[in-house]
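Examination of the molecular architecture
The residues making up each chain are set out below.
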Amino acid sequence: MKKTQIIMGMPITIEVTDKEVTVKNLESIFDYFKSIDQRFSTYKETSEITKVNNGLPESKWSSDMKLVMKLCEETKTLTNGFFNIHHNGKLDPSGLVKGWSIFNASNKLSKMNFKNYYIEAGGDIQVNGKFSLKTPWTVGIRNPFNIKEIIKIVTLSSEGIATSGTYIRGQHIYNPKLKNKIVDSIQSLTVIAKNVYEADRYATAAFAMGKTGIEFLDSTPGLEGYMVDSNMVATLTTGFNKYVLRNA
Amino acid sequence: MKKFFLGTAILGIYAIYSLGIRHQTLVIGKPAALSSSSQSSGSTASMPSSSSNSSSPPSSSSSSSRQYKDGTYTGSEADAYYGTVQVAVTVQSGKITSVKFLKYPNTHSTSVMINQQAMPYLQQETIQAQNPNNVQIISGATFTSQAFIQSLQAALSQA
């Protein structure tokens, strides 16, 4: 069963190939994303993050808010300051919330005993199991120069994959070390990790590093990356090829 | 034994040198098709409105308030750091039907050099379109080039 809804300003698709799945199961996952949107959308006047930015004291934050802020700080340290949610005096944790919420949603599916599924939100994906008995899940990486083209196909079974670009839904990725400098030397950066939370946060941070981001990924255990630069040349981390579908 | 090492070293240097040559040839070679249509998803058409005011919420549908006039419009040259990006937009029946790159920084000799020096150990390849038939899921930012957006906006401001 496969369903798509537009939540958090982007299409979210859930496909579960275990035959026991019901519409209700998928609805509960979409409801989870709606609750995340209510809490973390910086575009909503009533969201908790907007209240936080308007001075809501930390003692009144929800446990999810506290956790997300803690994870943002941790990610900032792990990425040598390149993951930074402070923009123009406001906090915007959306660079972490997307991957984190997809991963949480996938854990909910696992708790419902589903083994074969994926959840995709705005190009970031958590995959589990297989499409069918004989067919694995295959993910195509989009050409940043031509949205109609796929330039790489990978096979995943229990991983997360996320792609960062200079321009995503009106949001820019800034290099926090060069004030207000929008990252523009690379076009897109795809990260494969053990889950989509890891893939998303490292894709965001490594993208902000510019051309050295791919080296950072290569030297960090558990991460593989595929970078497309302005010359239409792709650079692959050492282990990326193990995921690449042959004879594509 | 010394001769053997010397021979290996020379071979190694030659291998690195020829890799460099190969890389340069690849970069200067013909790139993948560059035109894109907005009809598949509508995201191209919605970009100018969402990028003109980054504080407004991104709209999932292309509810553009203004219809563009038919014709082909050339955007301004926008600095993409490693070179210049310039696009031409064709509008038919009020919709963007194609976006073509007139300029993009693929033959910039400096970028080729920077490229080679920055990533001496990692595998590089020019991107190539793959058969999409076996793909179930797609990963990617909707559109990724800031310079592209700038040039596209400039082109559409004339439409």
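Here's what I pulled together on the structure shown here. (Residues numbered from 1 in each chain as written. Chains lettered and ligands numbered in written order. Predicted model: local features only at pLDDT ≥ 70, side-chain atom pairs only at ≥ 80, totals over all residues. Heavy atoms only, no water.)

Here's the deal with unusual backbone geometry
All names here are of chain A. Short version of the rule: Only DSSP runs of H or I covering at least 4 residues are called helices, and only runs of E covering at least 2 are called strands; the numbering of each starts at the N terminus. For every residue, the accessible area (1.4 Å probe, protein chains only) is compared with the maximum for its type, and the residue is labelled buried under 20%, exposed over 50%, or partly exposed between those bounds.
Phi is positive for Asn 113, which is not a glycine, with a value near 70°. The backbone phi angle of Met 232 is positive, close to 65°, even though this residue is not glycine. Within the fold, Met 232 resides in the loop between strand E15 (224-229) and strand E16 (233-236). Note on Met 232: relative accessible area 4%, which makes it buried.

Here's the deal with the sheet that holds strand E6 (residues 137-139) of chain B
The condition is simple: Whether two strands pair comes down to DSSP finding at least two bridges between them. In this analysis, axes come from line fits to C-alpha atoms, helices being fitted only over the stretch in contact, and the angle between any two N-to-C directions falls in the range 0 to 180 degrees.
On the basis of which strands lie adjacent, the open sheet formed by three strands has the order E8(A)-E7(A)-E6(B) and mixed pairing. Because the sheet does not close on itself, it has two edges, and the strands there are strand E8 (146-156) of chain A together with E6 of chain B. Adjacent strand axes in the sheet meet at a mean angle of 35° when their direction is disregarded. Direction of pairing for strand E7 (residues 137-143) of chain A relative to E8(A): antiparallel, over a ladder of seven bridges. In the strand pairing of E8(A), A:Val139 is matched with A:Val154.

Quick word on the sheet that holds strand E2 (residues 10-16) of chain A
Heads up, the condition is: Contact definition: two residues touch when any of their heavy atoms are within 4.5 Å.
A sheet is described by the order of its strands in space; here nine strands give the open sequence E1(A)-E2(A)-E5(A)-E6(A)-E9(A)-E14(A)-E15(A)-E16(A)-E5(B), paired in antiparallel fashion. On the outer flanks of this sheet lie strand E1 (2-7) of chain A together with strand E5 (123-126) of chain B, each paired with one strand and no other. For this sheet, the mean inter-axis angle between neighbouring strands, taken without regard to orientation, is 15°. Alignment of E15(A) against E16(A), held across three bridges, turns out to be antiparallel. Considered in E16(A), the bridge of A:Met227 is made with A:Thr235. Packing of helix H1 (residues 23-40) of chain A onto the sheet brings it into contact with E1, E2 and strand E5 (117-121) of chain A, and relative to E1(A) it is tilted by some 20°.

Observations concerning the nonpolar core
All names here are of chain A. Cut-off, in case you're wondering: Here, nonpolar core refers to any group of buried Ala, Val, Leu, Ile, Met, Phe, Trp, Tyr and Cys residues whose side-chain atoms link them within 4.5 Å.
Core analysis: the biggest nonpolar cluster contains 57 residues, and Ile 12, Phe 33, Trp 100 and Ile 119 have the highest contact counts within it. For Ile 12, the residues in contact, after removing those within four places along its chain, are Lys 3, Thr 4, Gln 5, Ile 7, Phe 30, Phe 33, Ile 119, Glu 120 and Ala 121. The next biggest cluster of nonpolar side chains, apart from the first, holds 22 residues, and it includes Ile 192, Tyr 226, Phe 240 and Val 244.

Some words on the packing of helix H3 (residues 63-78) of chain A against helix H4 (residues 94-111) of chain A
All names here are of chain A. Formally: Should an angle lie under 35 degrees it is considered roughly parallel, over 145 roughly antiparallel, and from 65 to 115 roughly perpendicular; all remaining angles are considered oblique. The hand of a helix crossing depends on one turn: near helix anticlockwise from the far one by less than a right angle means left-handed, and clockwise means right-handed.
The interhelical angle for the contact between H3 and H4, taken along N-to-C directions, is 115°, at an axis separation of 10 Å. As the angle between them shows, H3 and H4 are arranged roughly perpendicular. In the crossing of H3 with H4, the sense of the turn from one axis to the other is right-handed. Facing H3, whose interface residues are Asp 64, Leu 67, Val 68, Leu 71, Cys 72 and Thr 75, H4 presents Leu 96, Val 97 and Trp 100.

Some remarks on the environment of A:Ser185
Residue and element names in this part refer to chain A. Inspection of the secondary structure puts Ser 185 in the loop between strand E13 (181-182) and strand E14 (186-193). By relative accessible area, Ser 185 is classed as buried at 8%. Along the sequence, Ser 185 and Ser 230 sit 45 residues apart, while their C-alpha atoms lie 6.2 Å from each other.

Quick notes on H1(A)
All names here are of chain A. Selection rule: One fewer than the residue count of a helix, multiplied by 1.5 Å, yields its expected span. Read the arc as the range of directions from the helix axis to the C-beta atoms.
Across its 18 residues, H1 extends 26 Å between first and last C-alpha, which sits within 8% of the 26 Å expected from 1.5 Å per residue. Turning to H1, its buried residues are Asn 25, Leu 26, Ile 29, Phe 30, Tyr 32, Phe 33, Ile 36, Asp 37 and Phe 40. Here the buried residues of H1 occupy an arc of 145° about the axis, which is enough to place them on one side. Contacts from the buried residues of H1 go to E1, E2, helix H2 (48-53), H3, H4 and E5.

Observations concerning the pairing of E5(A)
Residue and element names in this part refer to chain A. Taken across its five residues, E5 has five buried, putting it largely inside the fold. Side chains Tyr 117, Ile 119 and Ala 121 project from E5 onto one buried face, and the interleaved Tyr 118 and Glu 120 project onto a second face that is buried too. In the sheet, E2 pairs with E5 via five bridges, with the strands oriented antiparallel. Counterpart to Val 16 in the pairing with E5 is Tyr 117. Across five bridges, the pairing between E5 and strand E6 (residues 124-128) is antiparallel. Each bridged residue has a counterpart across the sheet, and for Glu 120 the counterpart in E6 is Ile 125. In sequence, E5 turns back onto E6 through a hairpin of two residues, with Gly 122 there showing a positive phi of about 55°.

Digging into the environment of A:Val244
All names here are of chain A. Structurally, Val 244 is set in the segment after E16. For the pair Val 244 and Lys 152, spaced 92 residues apart in sequence, the C-alpha to C-alpha distance is 7.3 Å. In this view, Val 244 contacts Lys 152, Ile 153 and Val 154; residues no more than four positions away in its chain are not counted.

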